[in-house]
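What follows is the residue order along each chain.
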Amino acid sequence: MSNTTQTKTSHNPLPNKERSKLPRQRVPEQDAQVRAHNFLEVNLGFPAEQARQESLRCIECPKPGCIEKCPVSVDVKAVIDLILAEDYMAAAAKVREDNALPAITGRVCPVEDQCESGCVLGKKGEPVGIAYLERFVADWERETGRCGIPRSAPPTGKKVGIIGSGPAALACAGDLIQMGHQVHVFEALHELGGVLVYGIPEFRLPKEIVRHEIDVLHRRGVEFETNVVVGKTVTIDELMNGEGYDAVFIATGAGLPRFLNVPGEHFNGIYSANEFLTRVNLMRAYRFPEYDEPIYPCKDRDVIVVGGGNTAMDAVRSSLRLGAKSASIYYRRTEKEMPARVEEVHHAKDEGVHFEMLVNPVEFIGDEKGNLIAVKCIRQELGEPDDSGRRSPVPIKGSEFVTPCSVAIIAAGTSANPLIRMTTPGLAITKRGYIQADDSLATSKPGVFAGGDIVTGGATVILAMGAGRKAAKSIDEYLKSTVQSVN
Amino acid sequence: MYEILEARPLARGIKLFVIKAPRIARKQRPGQFVIVRLDDCGERIPLTLADADPEAGTVTLVVQAIGKTTMLFNMLEAGDSILDLVGPLGKASEIENFGTIAVVSGSVGTAMAYPTARELKRAGNKVISIVGARSKDLMVLEDEVRAVSDETYICTDDGSYGDKGLVTDKLKEVMAGQKLDYVLACGPVPMMRAVANMTAPQQIKTIVSLNSIMVDGTGMCGGCRVLVNGSSQFACVDGPEFDASQVNFDVLTQRNNMYREQERESIERLQADPQAELDRLRRRNHKIECAAEVVGVTNE
């Protein structure tokens, strides 16, 4: 998409040697003791001067590893140069060419495994803070009320339906609208954004940011319709045959929460992470009774969260903010195997979250009213590596122990939601119930594409966005090929 | 935004609403439900679809004022709008010719049972309806039920209308007189449990429609999980109808009490100044309606 990388002269006044000597800028954060009791954003973001200082560190590699490692191939080098030129608007438009949601990815991407892992500076010292720079550009755009919108292709007259409004859906919508197609997004919930609004908490990703990114997509021409559960309210066949959609992209997310299937899991006070986070985030239960949706009280009580992923960190940190007396992560392996982002784990520790490793709940214990009062766990040790390459935990006989707790949140992953597969004849699925898609993300049904968690199982925001972009490309090619066959 | 076209009181604290929702009206089948959110501070609650008119693009809800949201809902009138309405959710009722069937319903449960009873009648069943309420002024949809039933029995707890007694007393009588092939029970949990206990010894296929607490209604949160045959099932996607003999009613009751304190608090807040709450809802929804053009988010 970009040619600035090759042709423009650099706006960086420093020689390369001096650039790499500059220290990485520390992003301002809310104090840990303060933020543990509010839902305001933890990271405060770079002010312009810090963004400039951090940008000066980029040595402008001829073959930038950061771009290579980015699932959506953002032209990081060009963006950084535009920051140094202080043309933030152009920087925003440059990011948006490849990334429909920069204010979001700048906050939630696991950058240590992606762009920043490709940065040469990281080999000897610390990589350039790429996510913070991306966030700076996107925030500047939003705060100044301006919008770096890339130019769209002329209308093609083709209509694409996108099912879901999470990261895969929005990334796909952004690319398709730019290619000149008409795009209509169907969302099952009352609010747009999918996991970005029901899953990721306000203190990590303010809703206002998601709303803004969606508003930008709307201004670019994407249509949105809420309260449509595809598979129930309307089927894919009805969309393609009755409502005139030329192609459909299924981006519904992973769906059903997994429970532990141990005795007592139905007691009051036991939540799936999906439900707990949905109540807190989407329904704003932390502002009850101003908002109507209630949440089981966490205040002055002991809360445990079972799991070691980002969802577990989000849940445990939310419980602290709801006033929990103690908030603990119970994970069946060790900290090394935890799938959560390093930064999230650090944040949780700073805020006072307790980590209990190598334990697994075997039973929940309730009182006569059916309210949770304790959890019985067994200690484990690491055995041989399993299919995922991680060492499997093995229970230690006789090591059971009982810990009092009033709230337990199960963050043990999700499985495929069957709504679409049950109502879409001809759609091939995998053994685990996910939708089967080839490398181009085409499904077994002509004109129907699928991507994100409903294909891969639970993953990250940016991987879903990468799938959304890939699907957009495939859908574009498909639409062009059908034009030819009709003529 | 979903416009209320008709709002008609049916009984004390129970109101019927006809609401414009063309997509839902096209797809609705008996036994399914919707999730409602009144305004942008509202909670999401499930309500059974009492009827739908695909041509008019409307759905019918029968709402009993029990919690804050249903109380506020029942203050709405024709011309008002509710912010969110999504569905039809859950599995539709199983409709086939079972033979002789009893449809047992209590209070507002009659609104759930009625559309299924109508379809079962169309499918060729002999339909015996047993409708109960605490007293006469809580009885709803009697004429509708009579129109689709071969026999209709009315019971009230206080004897103010029909026979004095519980629906299960009447069911016992009916069962003594003839062999039932199928029973559908919709209503309060104790009533459904009593029906289940009564039909189990004779192994009569008995279906109950469960009213668990829900959030999304699409299987995403698992809040509505119930113990069925010893394993967790989601009422929103696996139900709402289940084989009564396999349902653990104790767990259902316990989970439905999970937010009792908060529900009480919300009701107190509403009752402190109901008119102010209603005005606030109308203002909020009006504001959103005006902004919808600008934002471009549609729903119908």
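Above this text is the structure in question.
Residues numbered from 1 in each chain as written. Chains lettered and ligands numbered in written order. Predicted model: local features only at pLDDT ≥ 70, side-chain atom pairs only at ≥ 80, totals over all residues. Heavy atoms only, no water.

**So, the sheet that holds strand β11 (residues 163-164) of chain B**
Pairing between the strands of a sheet comes from backbone hydrogen bonds, and it takes one of two forms, parallel or antiparallel.
Residue and element names in this part refer to chain B.
Then comes step 1: Spatially, the seven strands line up as an open sheet ordered β11-β10-β9-β8-β12-β13-β16, and their pairing is mixed. If you trace the sheet from one side to the other, it starts and ends with β11 and β16 (241-243), each paired once.
Then comes step 2: The sheet contact formed by strand β13 (residues 205-209) and β16 spans three bridges and is antiparallel. When the sheet's bridge partners are listed, Val-208 is paired in β16 with Phe-242.
Then comes step 3: Where helix α5 (residues 167-177) meets the sheet, its contacts fall on β8 (100-106), β9 (126-133), β10 (151-156) and β11, and the angle it forms with β9 comes to roughly 155°. (Pairing = 2+ DSSP bridges. Helix = DSSP H or I, 4+ residues; strand = E, 2+ residues; numbered from the N terminus. Contact = heavy atoms within 4.5 Å. Axes fitted to C-alpha atoms, helices over the stretch in contact; angles between N-to-C directions.)

**Overview of the interface of chain A and chain B**
Then comes step 1: Facing the 50 residues of chain A at the interface are 51 residues of chain B.
Then comes step 2: Each partner contributes to the roughly 4,200 Å² buried at the junction of chain A and chain B, and carbon and sulfur atoms together form 53% of this total.
Then comes step 3: Among the residues chain A hides against chain B, the three largest losses belong to A:Lys232, A:His266 and A:Asp292. Together they make up 16% of the total.
Then comes step 4: Scanning the region where chain A abuts chain B turns up four salt bridges.
Then comes step 5: Taken together, the connections running from chain A to chain B amount to 25 residue pairs in polar contact (both at pLDDT 80 or more).
Then comes step 6: When residues of the side of chain A that touches chain B are traced back to their parent elements, those giving at least two are β3 (223-225), β5 (255-257), β6 (270-272) and α15 (273-282) of chain A. (Buried area = accessible area lost by both parts, 1.4 Å probe. Salt bridge = Lys/Arg side-chain N within 4 Å of Asp/Glu carboxyl O. Polar contact = N/O pair within 3.5 Å; in protein donor to acceptor, adjacent residues only side chain to side chain.)

**Thoughts on the packing of aromatic side chains**
Then comes step 1: Counted by the stated rule, this structure contains 11 aromatic pairs over all chains.
Then comes step 2: Residues A:Phe39 and A:Phe203 carry aromatic rings whose centres are separated by 6.1 Å and whose planes lie at 50° to one another, so their mutual orientation is tilted. One end of the pair, A:Phe39, is in the loop between α3 (32-35) and α4 (48-55); the other, A:Phe203, is in the loop between α12 (195-198) and α13 (207-219), and 164 residues separate them in sequence.
Then comes step 3: When the centroid spacing of 4.0 Å and the interplanar angle of 10° are considered together, the rings of B:Phe98 and B:Tyr182 count as stacked. One end of the pair, B:Phe98, is in the loop between β7 (84-89) and β8; the other, B:Tyr182, is in strand β12 (residues 182-186), with 84 residues separating them in the sequence.
Then comes step 4: An aromatic cluster is defined as three or more aromatic residues linked by ring pairs; in this entry it consists of A:Phe39, A:Phe203 and A:Tyr286.
Then comes step 5: Directly above the aromatic system of A:Phe355 lies the positively charged group of A:Lys349, at a separation of 5.3 Å from the ring centroid. (Phe/Tyr/Trp six-rings, centres within 6.5 Å; stacked < 30°, edge-to-face > 60°. Lys NZ or Arg CZ within 6 Å of the ring centre and 35° of its normal.)

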